[in-house]
Amino acid sequence: MADKLKVTLVKSVIGRIPKHRKTVEALGLKKTGRSNTLPNNEATRGMIKQVAYLLKVEEI
C-alpha cells in the first residue's frame, strides 16, 4: 500500500451538496483539474470515499 495519494478534482462542485463542497475544500482542492498529495490514512480515505464521484485518485 502506498504512503501517499494524489487526488485530482475532475468534476465541478457547482450545484453539489454543501457538505460535499466542504469535503473537497478540506482535501485542499479548489478548482477543477487541480491536484493535491495527501497521506494515505483512514481519515483521508473516508473523505475521498464521500466525494469519489468528483475525484480521480492515484497511489504514489
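Going by the structure above, here's the rest.
Nothing here was measured: the structure is a model prediction, and the numbers come from that model. (Residues numbered from 1 in each chain as written. Predicted model: local features only at pLDDT ≥ 70, side-chain atom pairs only at ≥ 80, totals over all residues. Heavy atoms only, no water.)

Caption draft 1: View of the pattern of salt bridges. Per the counting criterion, the structure on display carries 2 salt bridges. The closest approach of N and O atoms between E59 and R45, which form a salt bridge, is 3.3 Å. Separated by 14 residues along the polypeptide, E59 in strand β3 (residues 55-59) and R45 in helix α2 (residues 42-50) bring together distant segments of the chain. For E59, a relative accessible area of 52% gives the class exposed. The shortest N-O distance in the salt bridge between K56 and E58 comes to 3.5 Å. For K56, a relative accessible area of 42% translates into the label partly exposed. Judged by its relative accessible area of 33%, E58 falls in the partly exposed class. (Salt bridge = Lys/Arg side-chain N within 4 Å of Asp/Glu carboxyl O. Helix = DSSP H or I, 4+ residues; strand = E, 2+ residues; numbered from the N terminus. Buried < 20%, exposed > 50% of the residue type's maximum accessible area, 1.4 Å probe, protein only.)

Caption draft 2: Structural view of the sheet that holds strand β2 (residues 35-39). If you trace the 3 strands from one edge of the open sheet to the other, you get β2-β1-β3, paired in antiparallel fashion. Here the strands that pair on one side only, and so sit at the sheet edges, are β2 and β3. Pairwise comparison of adjacent strand axes, ignoring direction, gives a mean angle of 25° for this sheet. Sheet topology places strand β1 (residues 4-9) next to β2; 5 bridges connect them, and they run antiparallel. When the bridges of β2 are listed, L5 appears paired with L38. Where α2 meets the sheet, its contacts fall on β1, β2 and β3, and the angle it forms with β1 comes to roughly 25°. (Pairing = 2+ DSSP bridges. Axes fitted to C-alpha atoms, helices over the stretch in contact; angles between N-to-C directions. Contact = heavy atoms within 4.5 Å.)

Caption draft 3: Seen up close, the pairing of β1. Sheet topology note: the β1/β3 ladder contains 5 bridges and is antiparallel. Pairing of V7 across the sheet is with V57, part of β3.

Caption draft 4: Focus on the side chain of H20. Of note, H20 is situated in helix α1 (residues 18-26). Assessed through its relative accessible area of 13%, H20 is described here as buried. Excluding residues that lie within four positions of it along the chain, H20 makes contacts with Q50, V51 and Y53.

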